[in-house]
Structure formats: C-alpha cells, structure tokens
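One-letter residues, chain by chain:
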Amino acid sequence: MCLFIYLHEQANTVKLDRKEFLSLIGVSTGAFALGRCLQGCKAAAQPYPNPPSNVNITLDLSNAAYKSLNTAGGYIYTDGIIVAKTTSPNVWIAVSQYCTHLGTSVVFQTTNNDFYCSEKGSVFAYSGGVVTGPATVPLKQYSVTYSQTINGTILNITG
Ligand code: FES
C-alpha cells in the first residue's frame, strides 16, 4: 500500500506515463515476491526442531497409555520422541518425533519398519536416516532396551 502511494505521488510529480508506472510496479512486485520466496526457501532448509538429548525414559507397557507398544506397528509419542514396535519379535525402535524438514510429527509404517511424514512425504529408515526427501537431515535415533517383569514389558529409551 505504501509503495502504491509513493508511486502515485511519483506519477503525479514526475509525470510517469502509464507504461512506465506499470513497469515500475511490476519490478517492485517481482522483487517483493522473490524476497518472500527466498525467505521461505531459507526457512525450509533449517532442520526443525532440535531433537531431545540426554534422554532416559522408562515405559511400562502394562500401562494403558503404552499398550499399543505390545502390538507390531503400534507407536506412541513421548517427550518429542516416537517409539514404535516393529514387526520383529521384541524389537522396539525410537527416533525424534519431528520431521527435520519443517517439523511435522512422523508416523510409523510397518511395511518397511520406517517413519513417514505426511507433510511432503519424507521417509526415514528405522534408524532415522533419510530414505526420501525433501528432508535431508536424519531423525535422531535413541537406544531402546527391554526387560520382562511379571506384569509385562518395560522399555528403557536413552540417547
Ligand atoms: S515436514 Fe515437510 S516432509 Fe516432513
């Protein structure tokens, strides 16, 4: 709007003809659009957000909140981490929850025991490595160990 007023004043005082006026607006609009695009592209290249560190989480799978981790393909989110039960017996995996492209939460897929982001389709291996972009930075992988108790399975997630 300010640009328009400025150009309007310029047109009145300098007597720009219509072609010059439209040409000036076109260049200004193009420069504005290019600037916005470059800002967006720069933002998209930033890994987001930082994955949790110094993690030490214990999950009791007899707890109703974590029961899905007793079944292959089940997964939960906890403290910025996605924990999933793979299709292999007694194998759980954990990686940072947020896609490194723009921060959408990933989901677990049993087809290849990998993680999928619905935002733009990035896929991450069970270890967090990028399989398909646009993400270029891997998800952080966490160590998962388990123990059996009389009540069921206890997971310990560290990293
Ligand atoms: S946030 Fe863009 S692909 Fe995941």
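You'll find the structure just up there.
Q: Go over the overall build of the chain with me, naming the residues and quoting the values.
A: Tallying secondary structure elements over the chain gives two helices and 10 strands in all. Reading the helices (α) and strands (β) of the chain from amino to carboxyl end gives α-α-β-β-β-β-β-β-β-β-β-β. Across the 159 residues that make up the chain, the buried fraction comes to 21%. Pairs at least 24 residues apart make up 39% of the contacts formed inside the chain by residues separated by at least 6 positions.

Q: So what's going on with the sheet that holds strand 4 (residues 92-96)? Residues and values would help.
A: Sheet strands pair by backbone hydrogen bonding; their relative direction is either parallel or antiparallel. With respect to topology, six strands assemble into an open sheet ordered 1-10-9-4-3-2, the strand pairing being antiparallel. Pairing within the sheet leaves two strands with one partner each, and these edge strands are strand 1 (56-60) and strand 2 (75-78). Adjacent strand axes in the sheet meet at a mean angle of 25° when their direction is disregarded. Summarising the sheet, strand 2 and strand 3 (residues 81-85) pair through four bridges and their orientation is antiparallel. Bridging across to strand 3, Thr78 finds its partner in Ile81.

Q: How would you summarise the environment of Gly80 if you had to cite specific residues and measurements?
A: Counting through the fold element by element, Gly80 comes out in the loop between strand 2 and strand 3. For Gly80, a count of 16 C-beta atoms within 10 Å gives the class partly exposed. Counting along the chain gives 31 residues from Gly80 to Pro49, while the straight-line C-alpha distance between them is 9.6 Å. In this structure, Gly80 is in contact with Pro51, Pro52, Ser96, Gln97 and Tyr98, ignoring residues within four places of it in sequence.

Q: Summarise the pairing of strand 9 (residues 141-149); cite the residues concerned and give the values.
A: Across two bridges, the pairing between strand 4 and strand 9 is antiparallel. Among the inter-strand pairings, Val95 is bridged to a residue of strand 9, identified as Gln141.

Q: Can you explain the nonpolar core? Please cite residues and give values.
A: Formed by 23 residues in total, the largest nonpolar core has its most connected members in Ile82, Val83, Ala84, Ala94, Val95 and Phe115. Of all the elements in the fold, those that place two or more residues in this core are strand 3 and strand 4.

Q: Help me get a handle on the sheet that holds strand 7 (residues 123-124), residues and values and all.
A: Pairing is antiparallel across the open sheet formed by four strands, whose spatial order is 5-6-7-8. Lying at the two open borders of the sheet, with one neighbouring strand each, are strand 5 (107-109) and strand 8 (130-132). Pairing analysis gives three bridges linking strand 5 to strand 6 (residues 114-116), with the strands arranged antiparallel. Each residue of the ladder has a partner; that of Gln109, found in strand 6, is Asp114.

Cut-offs applied
Residues numbered from 1 in each chain as written. Predicted model: local features only at pLDDT ≥ 70, side-chain atom pairs only at ≥ 80, totals over all residues. Helix = DSSP H or I, 4+ residues; strand = E, 2+ residues; numbered from the N terminus. Buried ≥ 20, exposed ≤ 12 C-beta atoms within 10 Å, placed from the backbone. Contact = placed C-beta atoms within 7 Å. Pairing = 2+ DSSP bridges. Axes fitted to C-alpha atoms, helices over the stretch in contact; angles between N-to-C directions. Core = buried A, V, L, I, M, F, W, Y, C linked by C-beta atoms within 7 Å.

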